[in-house]
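The primary structure of each chain is shown beneath.
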Amino acid sequence: MIKIGDAAVSEEKVVETATITSTENKEESKSEKKSTSTKKAKSKTQSRGTGRVKLVREKEDEEISLFKENIYIVFVECETPGNIGFLARTMANFGLKNLVLINPPTLTNEAYYQATHGKYIVENAKIYKTLDEFYQSQRIDFKVGSTGMAGGSYNLSRIPVRPEELGKSMNVSNKIAILFGREGDGLTNKEIGDCDICVSIPTDPTYPIMNISHAAAIIFYELFKNKHDYGVEGLKDSTPLEKEYLVKDMDRLIDSLDIPEHKKKNGKKTFNNIISRAFITGREAHTLKGILRRLNNKLGGQ
């Protein structure tokens, strides 16, 4: 190696040194290109992942908007204005806004008073003389009748689904009407027969009939929980894609460990099962992913 202060250096040594230096520079250049290429690849992968998460969020927001626009709550021949107010208040609790009144009583101040913060729902309620008039006017795609008197196998129009099943299976891309009947008599057999499906809440048989606002609250909750997240910062559920990335990061971490293959396989399966069953918020998934990524980087550099 040439050092500063050497008196004489043969030409052969200079050429040899230059050749070595040139080779080293080429190797460094290749290494830098490879590193840059790897970073770009990672950046593209992360960008695609972020894009997919964004699309999932946008789809969720669109479904929530359809939930509010396409569900109509129909109160058939209500007997007292106060119950209209109670129903409107319950609707406001769960983000519903389309109230339809079929042949209602006069809307006195009691209706607005009982509605509390749902007063705007009463003010914007649509009023029709008959159900058929409403169906034709709004072009309803699917009708759900509510009843406290569920039928058996021989009463086909009253074979019910539970509110939870209704919430899971509803397609809010269509216009849906959910009917609540008169306080004393409920919906008639004909009105229920005209519906596509019947929903009923399991109650004690000694007193099966619920107050309309209480029954509505249970049904609305089941609809709401399948389309919305908690309105609290940090409690937004992680997406399937975020969970998928978590599992992939753990798989890479396990692969880097010096343990038998069967233990790696069991470890991956165990972690995947835990993540699949667990309720993990988006923030928690992001934090855990960051930790796993740093562990992978640290182990990769050793």
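About the cut-offs
- Residues numbered from 1 in each chain as written.
- Predicted model: local features only at pLDDT ≥ 70, side-chain atom pairs only at ≥ 80, totals over all residues.
- Heavy atoms only, no water.
- Buried < 20%, exposed > 50% of the residue type's maximum accessible area, 1.4 Å probe, protein only.
- Helix = DSSP H or I, 4+ residues; strand = E, 2+ residues; numbered from the N terminus.
- Pairing = 2+ DSSP bridges.
- Lys, Arg positive; Asp, Glu negative; His and termini not counted.
- Salt bridge = Lys/Arg side-chain N within 4 Å of Asp/Glu carboxyl O.
- Axes fitted to C-alpha atoms, helices over the stretch in contact; angles between N-to-C directions.
- Parallel < 35°, antiparallel > 145°, perpendicular 65-115°, else oblique.
- Left-handed = near helix turned anticlockwise from the far one by under 90°.
- Contact = heavy atoms within 4.5 Å.
- Nonpolar A, V, L, I, M, F, W, Y, C, P; charged D, E, K, R; others polar.

Chemist: In this structure, what is going on with the pairing of strand E6 (residues 176-180)? I would like to understand it.
Modeler: On a regular strand, one side chain projects to one face of the sheet and the next to the other, so that they alternate. Along E6, 5 of the 5 residues are buried, which leaves the element largely enclosed by surrounding structure. Every second residue of E6 is oriented toward a common face, with Ile 176, Ile 178 and Phe 180 on one face and Ala 177 and Leu 179 on the other, all of them buried. Where strand E1 (residues 71-76) lies against E6, 5 bridges are found, and the strand directions are parallel. Bridged to Tyr 72 within E6 is Ala 177. The pairing of strand E4 (residues 142-146) with E6 spans 4 bridges and is classified as parallel. When the sheet's bridge partners are listed, Val 144 is paired in E6 with Ile 178.

Chemist: I would appreciate a short explanation of the side chain of Lys 143 in the present structure.
Modeler: When you line up the elements, Lys 143 lands in strand E4. No salt bridge is formed by the buried Lys 143; its nearest oppositely charged neighbour, Asp 196, is found at 5.2 Å.

Chemist: What's the story with the packing of helix H2 (residues 81-93) against helix H8 (residues 212-225) in this structure? I'm lost.
Modeler: For any two helices packed against each other, one specifies the inter-axial angle together with the distance between the axes. Between H2 and H8, whose axes approach to 9 Å, the crossing angle comes to 15°. The angle between H2 and H8 places the two elements in the roughly parallel class. Our pair here, H2 against H8, has a crossing hand that is right-handed. Note on element contacts: H8 touches H2 through Ile 212, Ser 213, Ala 216, Ala 217 and Phe 220, opposite Asn 83, Phe 86, Leu 87, Thr 90 and Met 91. When its residues are assigned to classes, the contact of H2 with H8 shows 7 nonpolar, 3 polar and no charged.

Chemist: Even after reading the chapter, I still don't get the pattern of salt bridges, so can you show me in this structure?
Modeler: A side chain with one charge may pair with a side chain of the opposite charge, provided their charged atoms come close. By the definition in use, this model includes 11 salt bridges. Between Asp 249 and Arg 252 there is a salt bridge, with the nearest N and O atoms lying 2.5 Å from each other. In this pair, Asp 249 and Arg 252 are both assigned in helix H9 (residues 240-255), 3 residues apart and thus about one turn of the helix distant. The class for Arg 252 is partly exposed, based on a relative accessible area of 47%. A salt bridge links Lys 289 to Asp 249; the nearest nitrogen and oxygen atoms lie 3.3 Å apart. Here Lys 289, found in helix H11 (residues 282-301), pairs with Asp 249, found in helix H9; they are 40 residues apart in sequence, far enough to count as distant. On the accessibility criterion, Asp 249 (3% relative accessible area) is buried. Linked by salt bridges that have partners in common, Glu 77, Arg 182 and Glu 191 make up one network.

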